[in-house]
Amino acid sequence: MWGGRFASGPAEIMEEINASIGFDKRLAPQDIRGSLAHVAMLGKAGILPPADVAAIEDGLKAVRAEIEGGGFVFKRELEDIHMSVESRLTEIVGPTAGRLHTARSRNDQVATDMKLWVRDTLDSLDEQAAGLQRALAEKALAHAATVMPGFTHLQSAQPVTFGHHCLAYVEMLARDRGRFRDARARLNECPLGAAALAGTSFPIDRHATAAALGFDRPTANSLDSVADRDFALESLSAASICAVHLSRFAEELVVWTSAQFNFVRLSDGYTTGSSIMPQKRNPDAAELVRAKSGRVIGALTGLLIVMKGLPLAYSKDMQEDKEGTFDALQALSLCLAAMTGMVRDLEPNADVLARAAGSGYATATDLADWLVRELGLPFREAHHVTGRLVGAASARGVGLEELSLSDMQEAEPRITDAVYAVLGVENSVSSRTSYGGTAPDNVRTQATRWLALLDTPSGAA
């Protein structure tokens, strides 16, 4: 590749640290796609004769077929996917293959390849996240009235429904999909034709190659074109936030499936046993989703550190963008698939959830609201009255609903027996009819709305 300048080959350790073919070979489809667009443009611009264009196009298609068929031999001495493809192309069509690199550099070539790969992957992640949303919305519709405890500080707070809890993650995933799409929109400018860093003196048509590759436009500055990895950083940032959402849900599944909670049951397909304890049923899929969030976040942090001190334009440091990005986005894809499977298979233990929903004085806020609504107490005074009643119930080891009316009236003489209607968990959740609240009718409406939106062409991100 640079034999004219160098009298000898690289040292063995130089080859070891420099070669990227072990991981960038996954860019082969994007590399060949970019080369086909480039050579077609060179022909239309009159830079290459039609015979050379035809020979190169046929050769590239032959290389693509070999790679897809598994017969292509990747050689580390050829360093990267770009030179691997060009070397094999030369073997097929001869010296004419050398004309393919006219008016481009590996710098703009790899930036284009990476953008194409990230763009394809963001589209796939968006589709997977929509699938998880659908699974959650279906589960929410089925369990719109299944009461469960809602927590703050992991302490029993107020009753909610299982369906409402599922819809919270539907909303999170909607924001994740919005970030994926925002990242995709921003990256959709084509670096091809920026060459090494300064552009080229050949009369190329960068708008043509951008259009051929599905980009909105070519990049506007040749230095930025080859120096930019914002598209990878932004995609990893979106992926990290999504991974955190999945990790939070995974943590809940780990807790909920424990014998101490017993809120939900996961299927055999997403649990494992123990090599020594025959009774064990471990939520390993959820635990691994939780753990893999670290890999995704780590990839973002790693690339930020790689890029933070680089002057313009291209530096070899930027080769380190690939392994982390490939690994992180692949890990997120696997997590989305696993979580979708778990959601589809899991079944809430409705009786356990209902009992838990009424524990911990979860209807105390309903009592305070009743005092405000029916007796006209200022909320702060109602809060204090309710607190005294919770204290009395706790001292006796009973629930609020088990206090007698006379017990209630010791704290507030105007309380009537109508108060008992708000102390049941079903009444509590049914009363939460404010927009976005947990009332079963609200949950059914939102779940139905989401299922309809997810069936639209846009997927309702």
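Refer to the structure above for everything that follows.
A brief report on the enclosed structure follows.

Cut-offs and rules
- Residues numbered from 1 in each chain as written.
- Predicted model: local features only at pLDDT ≥ 70, side-chain atom pairs only at ≥ 80, totals over all residues.
- Heavy atoms only, no water.
- Helix = DSSP H or I, 4+ residues; strand = E, 2+ residues; numbered from the N terminus.
- Rg over C-alpha atoms; globule rule 2.2 N^0.38 Å.
- Buried < 20%, exposed > 50% of the residue type's maximum accessible area, 1.4 Å probe, protein only.
- Contact = heavy atoms within 4.5 Å.
- Areas by Shrake-Rupley, 256 points an atom, 1.4 Å probe, with all protein chains shown as cover.
- Lys, Arg positive; Asp, Glu negative; His and termini not counted.
- Charge placed at Lys NZ, Arg CZ, Asp CG, Glu CD.
- Expected span 1.5 Å × (residues − 1).
- Arc of directions from axis to C-beta.
- Axes fitted to C-alpha atoms, helices over the stretch in contact; angles between N-to-C directions.
- Parallel < 35°, antiparallel > 145°, perpendicular 65-115°, else oblique.
- Left-handed = near helix turned anticlockwise from the far one by under 90°.
- Polar contact = N/O pair within 3.5 Å; in protein donor to acceptor, adjacent residues only side chain to side chain.
- Pairing = 2+ DSSP bridges.

What to know about the overall build of the chain
Reasoning step 1: Within the chain, the secondary structure is distributed over 18 helices and 6 strands.
Reasoning step 2: Rg of the C-alpha trace for the chain: 30 Å, well past the compact-globule value of 23 Å for 461 residues, more than 25% over.
Reasoning step 3: Along the three orthogonal principal directions, the C-alpha set of the chain runs to about 100 × 50 × 40 Å.
Reasoning step 4: Expressed as a percentage of the 461 residues in the chain, the buried residues total 48%.
Reasoning step 5: Across the chain, contacts joining residues at least 24 apart in sequence account for 75% of those joining residues at least 6 apart.
Reasoning step 6: As presented, the chain carries roughly 21,400 Å² of accessible surface, and 54% of it is formed by carbon and sulfur atoms.
Reasoning step 7: Side-chain charges in the chain split into 46 positive and 58 negative, and the spacing between the mean points of these groups amounts to 2 Å.

Quick word on helix H15 (residues 379–396)
Reasoning step 1: Taking 1.5 Å per residue, 18 residues should reach 26 Å; H15 reaches 26 Å between its end C-alpha atoms and fits that length.
Reasoning step 2: When H15 is considered as a whole, its buried residues turn out to be Ala 382, Val 385, Thr 386, Leu 389 and Ala 393. On an axial view of H15, the arc spanned by its buried residues comes to 95°, and they lie on one face. Turned more than 90 degrees away from the buried face of H15 sit Arg 380, His 384 and Ala 395, all of them exposed.

Looking at the packing of helix H6 (residues 106–142) against helix H10 (residues 230–256)
Reasoning step 1: Taken N-terminus to C-terminus, the directions of H6 and H10 make an angle of 25°; their axes are 11 Å apart at the nearest point. With respect to H10, the axis of H6 lies roughly parallel. Our pair here, H6 against H10, has a crossing hand that is left-handed. Side by side, H6 and H10 meet where Ala 111, Met 114, Lys 115, Val 118, Leu 122, Leu 132 and Leu 136 of the first sit next to Phe 231, Ser 235, Leu 246 and Phe 249 of the second.

Quick word on the side chain of Thr 161
Reasoning step 1: Position of Thr 161 relative to the elements: it lies in strand S2 (residues 155–161).
Reasoning step 2: Of the polar contacts made by the side chain of Thr 161, one reaches the backbone nitrogen of His 164; its length is 3.0 Å.
Reasoning step 3: The residues touching Thr 161, leaving out its near neighbours within four places in the chain, are His 143, Ala 144, Ala 145, Thr 146, Val 147, Met 148, Val 429, Thr 438, Pro 440 and Val 443.

Describing helix H14 (residues 364–375)
Reasoning step 1: Look at H14: 16 Å from first C-alpha to last across 12 residues, which is about the 16 Å you get at 1.5 Å a residue.
Reasoning step 2: Contacts from the buried residues of H14 go to H15 and helix H17 (425–431).
Reasoning step 3: Residue Gly 376 follows H14 closely and has a positive phi angle near 75°.

Some details on the pairing of S2
Remark: a regular strand shows side chains that alternate across the two faces of the sheet.
Reasoning step 1: When strand S1 (residues 147–152) meets S2, the two strands line up antiparallel, connected through 6 bridges. Across the sheet, Gly 150 pairs through a bridge with Gln 158, a residue of S2.
Reasoning step 2: Two successive antiparallel strands, S1 and S2, enclose a turn made up of 2 residues, where His 153 displays a positive phi of approximately 60°.

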